[in-house]
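Commentary on secondary and tertiary structure
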Amino acid sequence: MAAALTNQLHALVNNMFATGLLDDQFQQLQMLQDSSAPDFVSEVVTLFCDDGERIIGELARQLDKPNVDFDRVDSFAHQLKGSSASVGAQQVKNTCIQFREFCQQRSRDGCLKTLDLVRTEFYDLRNKFQVMLQVLPNVLKIHLTLSIEFH
């Protein structure tokens, strides 16, 4: 059971790296998790998912207005880029860079197309993170139990 869950978790994370969803920053994040902060990765990923969803909703609302405030849209795209970079969400981060270029060009069409792309990438990543967050506590409990039994 322990090996199967651990293998499932490793396969999922490796797939996220292989497909370009994640970059090395996620590994840095994982290294910050230890016994003093066992839920660190889960907490950071959950915050990213919650913030990302809120920001994408705000981007959609801003772009739906008759007179788009591109500076405000750019500010939200910049926030999403920053939070994406902090968790290693490479594809989302890179799409946010494109998004900001369209903001600077004042291109509503470009922003709308890029919003669709960033939304797709974000929700794909969020879904994989949710699977990871469901498996991770079980893996941690099993490893904790095994380490207690063998000490």
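Numbering of residues starts from 1 in each chain and follows the order in which that chain's sequence is written. At least 70 in pLDDT is required for a residue's local features to be given in this predicted model, at least 80 for side-chain atom pairs to be given and counted, and no such filter applies to totals for whole chains, interfaces and linings, which use all residues. Side-chain numbers here rest on the full set of heavy atoms in the structure, without hydrogens or water.

**Side note on the confidence of the model for the protein chain**
Definition in use: pLDDT is a residue-level measure of predictor confidence that goes from 0 to 100. When checking whether two residues touch, look at their non-hydrogen atoms; a contact exists if any pair is within 4.5 Å.
Per-residue confidence for the protein chain gives a mean pLDDT of 88, with 89% of residues at or over 70. Confidence drops under pLDDT 50 across residues 143–151; counting only partners more than four residues distant or on other chains, this segment forms 2 contacts.

**Some remarks on unusual backbone geometry**
Leaving glycine out, the prevailing phi sign among residues is negative, and the prevailing peptide bond configuration is trans. Quick reminder of the rule: Comment: elements are numbered from the N terminus, with helices defined as DSSP H or I runs of at least four residues and strands as E runs of at least two. Only protein chains enter the accessibility calculation, which uses a 1.4 Å probe; a residue whose area is less than 20% of its type maximum is buried, one above 50% is exposed, and one in between is partly exposed.
We note that arginine 106 has phi near 60°; this positive angle belongs to a residue other than glycine. Inspection of the secondary structure assignment puts arginine 106 in the loop between α5 (90–104) and α6 (108–149). Its relative accessible area of 45% is what places arginine 106 among the partly exposed residues.

**Side note on the packing of aromatic side chains**
Aromatic ring pairs are defined here through the distance separating the ring centres and the angle between the ring planes. To keep it simple, the criterion reads: Here a pair means two rings of Phe, Tyr or Trp (six-membered ring of Trp) with centres within 6.5 Å. Their orientation is stacked below 30 degrees between planes, edge-to-face above 60, and tilted elsewhere.
Under the counting rule described, the total for this entry stands at 5 aromatic pairs. One aromatic cluster in this structure is built from Phe17, Phe26, Phe48, Phe122, Tyr123 and Phe129.

**Description of the state of the cysteines**
For clarity, the cut-off: Defined by distance alone, a disulfide is two cysteine sulfur atoms within 2.5 Å.
Evaluation of the coordinates by the stated rule reveals 0 disulfides. Here cysteine 103 stays unpaired: no disulfide links it, and the sulfur of cysteine 111, its closest cysteine neighbor, is 3.8 Å away.

**Remarks on α5**
So the rule is basically this: How far a helix is expected to stretch is found by multiplying one less than its residue total by 1.5 Å. This arc is taken over the directions from the axis of the helix to the C-beta atoms.
The terminal C-alpha atoms of α5, which comprises 15 residues, lie 21 Å apart, in line with the 21 Å expected from a rise of 1.5 Å per residue. Within α5, burial applies to Val92, Thr95, Cys96, Phe99, Arg100 and Cys103. In a view along the axis of α5, the buried residues occupy a sector of 150°, so they form one face of it. At the exit of α5 stands arginine 106, carrying a positive phi of roughly 60°.

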